[in-house]
Amino acid sequence: MIPSGAPIATAAQMRAAEEAVFASGVSQDELMERAGAAVAREVARFAVGRPILILAGPGNNGGDAYVAARLLHAEGHDVILVATGAPAPGAAERMQALWQGPTSSLYAARPRPVLVDGLFGTGMTRPLDRGLAAVFADLVKQAEFVLSIDLPSGIDTDSGADLGAPRGIDVTLALGALKPGHLLDCGLERCGRVLLADIGIPVETGRRSVARPQIETPGVHSHKYSRGLVAVIEGAMPGAARLAAQAAMAGGAGYVVLAGDRPWSGGPDALVRREVRSAEDLTEFLGWDRIDAVVLGPGLGRDRRAEAYLRAAFAVPKPLVLDGDALTLLGGDAAAWLETRAAPTWLTPHSGEFDRMFAGQGSKIETTLAAAAATRATIVHKGADTVIASPKGAVRVLAGASPWLSTAGTGDVLAGLLAAQVVQEGKGVAPAEAAVWLHARAAQLAGPALIADALLMHIPQAVSECL
Ligand SMILES: NC(=O)C1=CN([C@@H]2O[C@H](COP(=O)(O)OP(=O)(O)OC[C@H]3O[C@@H](n4cnc5c(N)ncnc54)[C@H](OP(=O)(O)O)[C@@H]3O)[C@@H](O)[C@H]2O)[C@H](O)CC1
Ligand SMILES: [K+]
């Protein structure tokens, strides 16, 4: 569970935000008191009177832990604090001095029902020492409830990579902002439920967790054209395009046309069909000025005709959603294909497609941003952690969508949902954020063992929650 619409900051961005707060006259001790108080509040809520063991690391994460221990003890909680060693000079050391209780060695710690992990936070720079990792993992395993301060110790702040964090953490209390480590890779599965504590650090990064979109109910003057016309191009596997077309309809487009050489079979009567038998036919059809967005790729195929259809779609200056086989046809030349595009484009690769299209080092956020900049397209990099990045550097991340989405056809549904938002929302990350939220919510409503066709049935309910 991730707070929606929350800012996402790297370790460096967090430090810069903290420095700005210090420059405004707030001391590090004050900030640490706020952080520790936020920790103590959440621990008290979950501990419900059970004995508490607090782990304090060598830095400011440990400093937060000393504050929390003092406040919990003052409220009458049964608190034992253990430390990896003497705290760093400065605020953490001063907070340790205010802690009245004993500070015994972490390595002599005995398990207790409630465990608070104040070992490391955004200062994690390398894998946990194996001995420390083993002691930490055992205390986590034997606890009934575990809360990590800011980040689970053993998760890389900026990428979510595993630096030795144990499984079994129930709650992670993020301080000031989410970090990529709460949303990506191993961090997504180790954080447990992520809560966000506002401790008075303004963080402006243009990067946020996906929020529920506001969708406008059609007005009295709305009609099928004013609500947007989406053209979905059929290819070798017509079912995929039909899924995308139905998703566009359910997602709010006023008029959806399925164009292909056998478009008549399957799907609802409300889905308009148009026979297109060649790239020339397609070019002529896409010239229709009523078309507001085009979806190409679901079930397209990868043969010469598919490539000719891709060229035809590129040639018309209409907003374009490219998925599936269209992405495979672009391959590593996506930037070259897209550099002449005069209209906005969205690419919706899953990680396999993304890795074939784009080389690059760094976190999923960094590689997706680089791909968006290189292609001047908005990229929806799908996965258990879906990262949306625009060429202008905006980022939205949705983490923790239903794992049951990992089944054929759900990507086709997302492509159709995205096109429906494009014709209503405009450009950049906004339509992608709305589509990703609707897609994840429909999956939640569909429950376990969903198939893509069932996903379609739950889109209206997901939309109704956004009105
Ligand atoms: N966000 C906020 O508003 C506030 C956050 N606070 C807390 O501060 C931590 C960040 O504190 P910091 O001191 O920068 O770093 P850590 O406490 O995470 O780590 C302490 C030092 O540990 C060393 N280190 C790093 N990795 C390892 C490792 N694998 N094994 C051993 N030691 C390690 C590293 O120092 P080195 O010199 O050894 O590299 C770290 O500096 C943040 O997460 C919040 O909890 C503030 O309290 C207030 C506001
Ligand atoms: K921690």
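Residues numbered from 1 in each chain as written. Chains lettered and ligands numbered in written order. Predicted model: local features only at pLDDT ≥ 70, side-chain atom pairs only at ≥ 80, totals over all residues. Heavy atoms only, no water.

- In the nomenclature of an unreviewed UniProt entry, the chain is known as Bifunctional NAD(P)H-hydrate repair enzyme of Sphingomonas agrestis.

1. Details of the overall build of the chain
Phase 1 of the analysis: Scanning the chain for helices and strands turns up 17 helices and 17 strands.
Phase 2 of the analysis: A compact globule built from 467 residues would reach a C-alpha radius of gyration of about 23 Å, and the chain, at 25 Å, matches this within 12%.
Phase 3 of the analysis: On the principal axes, the C-alpha backbone points of the chain span a range of 80 × 40 × 40 Å.
Phase 4 of the analysis: In the chain, which comprises 467 residues, the share counted as buried stands at 56%.
Phase 5 of the analysis: In the chain, once contacts between residues fewer than 6 apart in sequence are set aside, the share between residues at least 24 apart is 70%. (Helix = DSSP H or I, 4+ residues; strand = E, 2+ residues; numbered from the N terminus. Rg over C-alpha atoms; globule rule 2.2 N^0.38 Å. Buried < 20%, exposed > 50% of the residue type's maximum accessible area, 1.4 Å probe, protein only. Contact = heavy atoms within 4.5 Å.)

2. A closer look at the site of ligand 1
Phase 1 of the analysis: Near ligand 1, the surroundings consist of 22 residues, among which Asn61, Asp64, Gly121, Asp150 and Ile201 are the closest.
Phase 2 of the analysis: At 3.2 Å, a backbone N or O of threonine 125 approaches a nitrogen atom of ligand 1.
Phase 3 of the analysis: Against a free-state accessible area of 920 Å², the protein chains account for coverage of 78% of ligand 1.
Phase 4 of the analysis: Of all the secondary structure elements, the ones that give two or more residues to the shell around ligand 1 are helix H1 (11-23), helix H2 (28-47) and helix H3 (60-74).
Phase 5 of the analysis: Considering every element that reaches the shell around ligand 1, the biggest residue donor is H3, with three residues. (Near = heavy atom within 4 Å. Polar contact = N/O pair within 3.5 Å; in protein donor to acceptor, adjacent residues only side chain to side chain. Areas by Shrake-Rupley, 256 points an atom, 1.4 Å probe, with all protein chains shown as cover.)

3. What to know about the sheet that holds strand S7 (residues 193-197)
Phase 1 of the analysis: Pairing is parallel across the open sheet formed by seven strands, whose spatial order is S3-S2-S1-S4-S5-S6-S7. Bordering the open sheet on either side are strand S3 (103-105) and S7, each of which pairs with just one other strand. The average angle at which neighbouring strand axes cross in this sheet is 25°, direction not considered. (Pairing = 2+ DSSP bridges. Axes fitted to C-alpha atoms, helices over the stretch in contact; angles between N-to-C directions.)

4. A few points about the pairing of strand S17 (residues 395-399)
Phase 1 of the analysis: Most of S17 sits inside the fold, with five of its five residues counted as buried.
Phase 2 of the analysis: The alternating pattern of S17 places Val395, Val397 and Ala399 on one face and Arg396 and Leu398 on the opposite face, and all of these are buried.
Phase 3 of the analysis: As paired strands, strand S8 (residues 207-209) and S17 are joined by three bridges and run parallel to one another. The residue bridging arginine 207 from the neighbouring strand is valine 395, located in S17.

5. Details of the coordination of the potassium ion (ligand 2)
Phase 1 of the analysis: Those donors, Asn61 (OD1), Asp117 (O), Phe120 (O), Ile149 (O), Leu151 (O) and Ser153 (OG), are the protein atoms that reach the potassium ion (ligand 2), and they lie 2.6 to 3.1 Å from it.
Phase 2 of the analysis: In this structure, the potassium ion (ligand 2) is coordinated by six donor atoms arranged in irregular fashion, with angles at the metal of 66 to 167°.
Phase 3 of the analysis: Judged by relative accessible area, aspartate 117 falls into the buried class, the value being 0%. (Donors = N, O, S within 2.8 Å, 3.2 Å for Na, K, Ca; no water. Tetrahedral: all angles 85-135°; square planar, octahedral: opposite > 155°, others 65-115°.)

6. What to know about the side chain of aspartate 150
Phase 1 of the analysis: Mapping aspartate 150 onto the fold places it in the loop between strand S5 (145-149) and strand S6 (171-175).
Phase 2 of the analysis: By relative accessible area, which is 7% here, aspartate 150 ends up buried.
Phase 3 of the analysis: Reaching out from aspartate 150, the side chain makes a polar contact with the side chain of lysine 179 at a distance of 2.7 Å.

7. Examining the nonpolar core
Phase 1 of the analysis: Phe285, Leu322, Leu330 and Leu347 are the most contacted members of the largest nonpolar core, which has 55 residues in total.
Phase 2 of the analysis: Looking at which element gives the most residues to this core, the answer is helix H10 (residues 304-315), with six residues.
Phase 3 of the analysis: In contact with leucine 330, not counting residues within four places along its chain, are Leu310, Phe314, Leu322, Trp337, Leu347 and Met357. (Core = buried A, V, L, I, M, F, W, Y, C linked by side-chain atoms within 4.5 Å.)

8. Details of the packing of aromatic side chains
Phase 1 of the analysis: Summed over all chains, the structure comprises six aromatic pairs.
Phase 2 of the analysis: Arranged with centres 5.3 Å apart and planes meeting at 20°, the rings of tyrosine 225 and tyrosine 255 form a pair that is stacked. Here tyrosine 225 is found in the loop between S8 and strand S9 (229-233), whereas its partner tyrosine 255 is found in strand S10 (residues 255-260), with 30 residues between them in sequence.
Phase 3 of the analysis: Given the relative accessible area of 15%, tyrosine 255 is considered buried.
Phase 4 of the analysis: Measuring from centroid to centroid gives 6.0 Å for tyrosine 255 and tryptophan 288, while their planes differ by 75°, and the two rings are edge-to-face. Within this pair, whereas tyrosine 255 is found in strand S10, its partner tryptophan 288 is found in the loop between helix H9 (279-286) and strand S12 (293-296), the two being separated by 33 residues in sequence.
Phase 5 of the analysis: Residue tryptophan 288 is classed as partly exposed on the basis of its relative accessible area, which comes to 29%.
Phase 6 of the analysis: Through a chain of ring-to-ring contacts, the aromatic side chains of Tyr225, Tyr255, Phe285 and Trp288 assemble into a single cluster.
Phase 7 of the analysis: One residue, arginine 290, lies across the ring of tyrosine 225, its end atom 3.5 Å from the ring centre. (Phe/Tyr/Trp six-rings, centres within 6.5 Å; stacked < 30°, edge-to-face > 60°. Lys NZ or Arg CZ within 6 Å of the ring centre and 35° of its normal.)

9. Observations regarding helix H14 (residues 364-375)
An α-helical turn contains 3.6 residues, so a residue and the one three or four places further along point in the same direction.
Phase 1 of the analysis: Between the first and last C-alpha of H14 there are 16 Å, a value that for 12 residues agrees with the 16 Å anticipated at 1.5 Å per step.
Phase 2 of the analysis: Those residues of H14 lying buried are Lys364, Ile365, Thr367, Thr368, Leu369, Ala371, Ala372 and Thr375. (Expected span 1.5 Å × (residues − 1).)

10. A look at the UniProt feature "binding site: AMP" (unreviewed entry) in the chain
Phase 1 of the analysis: In the numbering used here, UniProt assigns the "binding site: AMP" (unreviewed entry) feature to Lys382, Gly383, Ala384, Asp385, Thr386 and Gly411. Taking the farthest pair of C-alpha atoms as the criterion, the annotated set spanning 30 residues converges on one region, since that pair is 14.3 Å apart.
Phase 2 of the analysis: Mapped onto the elements of the fold, threonine 386 is located in strand S16 (residues 385-389).
Phase 3 of the analysis: The exposure class assigned to threonine 386 is buried, which follows from its relative accessible area of 8%.
Phase 4 of the analysis: Setting aside residues up to four positions removed in sequence, threonine 386 forms contacts with Val380, His381, Arg396, Val397, Leu398 and Val436.
Phase 5 of the analysis: Of note is the side chain of threonine 386, whose polar atom sits 3.1 Å from the backbone oxygen of glycine 383. (UniProt positions renumbered as here; feature names shortened; annotations may be inferred.)

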